[in-house]
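Structural characterization, general
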Amino acid sequence: MALGKNTRHAPKRVAEMRDYWRIYRRNAILLSLLTQLLVVLVVGGALIVAGAHIDALPFIITMGATIITSVALNIYLILFLLAPLRDLATAIARAAGQTVDQPLGNPNLPRYAKDGFHDMLLYIYKNNSADNADADNSHASQRYKTLLTALNQTNTGIVVMNTAGEISFANRAAPVKQTKEGALKLELLFDEPDDFTNWLAACETNTVHAQQTWLRVPNKIIGDEDRRIFNVTASFEQGSAAEVVLIAYDESDIYQPEDDGLDFISFAAHELRGPITVIRGYLDVLSLELEDVLTAEQKELFQRLIVSGNRLSGYINNILNTSKYDRRHLKIHLSEESLAHIYQTIRDDMNLRASSQHRQLVVDIPDNLPTVAADPSSISEVLSNLIDNGIKYSNNGGIVRVNAAVEGAFVKVSVVDNGIGMPANVVGNLFHKFYRSHRSRETVAGTGIGLYICKAIVESHGGTISVSSTEGVGSTFSFTLPVYASVAETLQANGHINTALVARHGESITNHATYSG
């Protein structure tokens with residue numbers, strides 16, 4: 001009998017450190033609610049006893065509103081005032097090795113910096129002893145050797161560092177190089193030169209935990225020996241002995257054939273440059289020689305042939321320039337140009353594309369806009385690509401709008417469509433070389449290189465390119481070009497070559513690009 005009785009009454013679970021905040025918060029809220037209810041009831045009872053004239057319905061409404069308002073304010077104040085206690089309890093439980101659902105508090109909050117709680121919380125993080133030392137040192141040493149051997153056997157790069165960029169560990173496959181002083185430095189070429197360093201700085205200032213992923217990050221430029229291409233994921237935990245852990249997955253087998261494909265395209269474009277130049281020359285000669293005998297309609301046809309030949313030559317040059325961009329030395333000659341005039345060179349072709357696909361093209365590029373520093377052939381290619389995308393991804397009968405306006409020291413051009421739009425997970429990858437979403441691959445023809453070329457050209461002009469999109473609503477692609485007057489002196493001092501307009505960044509990551517994002 002005694003045995004059966006004991007089995008029916010399981011012992012109560014003893015509360016642990018990780019339960020403290022949940023229990024304390026619940027008790028504090030319940031106590032506040034009861035206190036507020038009691039105060040309201042006492043006040044109401046006192047009014048009734050005092051003989052105050054009370055109409056039932058207004059009295060009930062007033063009392064109810066008072067209870068609801070006071071309860072909401074008290075719950076908010078409790079959670080706000082007890083936030084330091086919550087973060088402290090969470091940090092202590094985590095330091096003791098317990099699993100806590102509540103995220104660690106951020107010591108960098110302005111309110112914590114003002115009252116000294118920042119240092120208190122950070123002290124716990126930095127002295128976290130959750131990783132207990134192994135009592136048997138020889139056994140721990142053997143485990144370390146086994147782990148090191150295993151890490152060096154994988155082709156995935158692993159780097160441990162701090163937010164200052166100082167590397168404390170890197171396995172054999174890690175994309176690092178040794179400096180003359182013997183220190184290790186990351187050897188990665190991010191699309192935006194300061195992507196990684198800016199992320200580290202933001203982590204150190206604004207957060208406790210963070211994770212970020214970058215796709216298709218090479219360690220060397222195209223053509224260099226032992227070039228590898230990685231998908232990179234970095235994790236940050238403030239106060240940890242391994243503050244930043246960077247994992248570089250070697251995806252060269254997937255990405256390198258695509259880069260080789262671009263090299264082949266560049267080779268083909270180089271071979272086509274000669275014949276296209278000859279064709280353009282003959283067209284110019286024929287149009288001049290036959291000027292007196294051609295009808296107006298024939299002259300128009302010749303003009304269209306010349307325009308198309310010039311555009312084809314521009315495409316070839318842009319493909320070759322994109323190959324140079326991959327090698328971080330795209331140089332172009334910039335001159336003072338009218339954006340409206342640049343568009344005129346492609347207007348007929350754009351109108352023909354739109355009408356053939358039953359779209360409306362509405363262009364508003366004012367003639368009185370300031371002139372810009374541009375290479376006309378390159379910018380006409382950017383406009384063509386963006387407008388063509390708007391046409392392809394619009395619905396039947398849809399409108400594609402092109403407009404331009406001054407924005408500070410730049411002229412901003414936007415191409416807006418009311419088409420199918422894109423989900424957020426697609427937008428972030430659009431300007432990667434050869435990227436195409438599953439949906440676009442199935443429904444729309446293309447190579448996935450157009451937007452990459454646009455990015456290369458615009459950034460090489462010292463401008464920026466961006467996109468915003470809502471699925472089912474449409475997309476807006478925008479790019480900026482510097483107003484010529486704002487960069488005239490710089491260009492004239494450098495022979496109108498673009499290199500002086502391209503922003504150069506710090507060298508915390510070696511061998512990165514020298515163009516602005």
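Residues numbered from 1 in each chain as written. Predicted model: local features only at pLDDT ≥ 70, side-chain atom pairs only at ≥ 80, totals over all residues. Heavy atoms only, no water.

1. Points about the environment of S252
Mapped onto the fold, S252 is located in helix α9 (residues 252–289). Here the alpha-carbon distance between S252 and F230, two residues 22 residues apart in the chain, equals 6.8 Å. Among residues more than four places away in sequence, those in contact with S252 are R227, R228, I229 and P257. Here I229 takes part through its backbone nitrogen, which lies 2.9 Å from a polar atom of the side chain of S252. (Helix = DSSP H or I, 4+ residues; strand = E, 2+ residues; numbered from the N terminus. Contact = heavy atoms within 4.5 Å. Polar contact = N/O pair within 3.5 Å; in protein donor to acceptor, adjacent residues only side chain to side chain.)

2. Digging into the sheet that holds strand β2 (residues 167–170)
Across the sheet, which stays open at both edges, the five strands sit in the order β2-β1-β7-β6-β5 with antiparallel pairing between neighbours. Across the chains shown, the open sheet's two edge strands, defined by having one partner strand only, are β2 and β5 (209–218). Looking at each pair of strands side by side, their axes are set apart by 15° on average, direction ignored. Of the strand pairs in this sheet, strand β1 (residues 157–161) and strand β7 (residues 244–250) are connected by five bridges, and their pairing is antiparallel. Residue V160 lies in a different strand from β7, and its bridge partner there is V245. Here helix α8 (residues 195–206) sits on the sheet in contact with β1, β5, β6 (229–237) and β7, set at roughly 180° to β5. (Pairing = 2+ DSSP bridges. Axes fitted to C-alpha atoms, helices over the stretch in contact; angles between N-to-C directions.)

3. Looking at the packing of aromatic side chains
Under the defined criterion, the tally for this structure stands at five aromatic pairs. Measuring from centroid to centroid gives 5.7 Å for F190 and F196, while their planes differ by 0°, and the two rings are stacked. Residue class for F190 comes out buried when judged on its relative accessible area of 1%. For F196, a relative accessible area of 1% translates into the label buried. The structure contains a cluster of three or more aromatic residues connected by ring pairs, namely F190, F196, W199 and W214. (Phe/Tyr/Trp six-rings, centres within 6.5 Å; stacked < 30°, edge-to-face > 60°. Buried < 20%, exposed > 50% of the residue type's maximum accessible area, 1.4 Å probe, protein only.)

What is shown is where atoms sit, not what they do.
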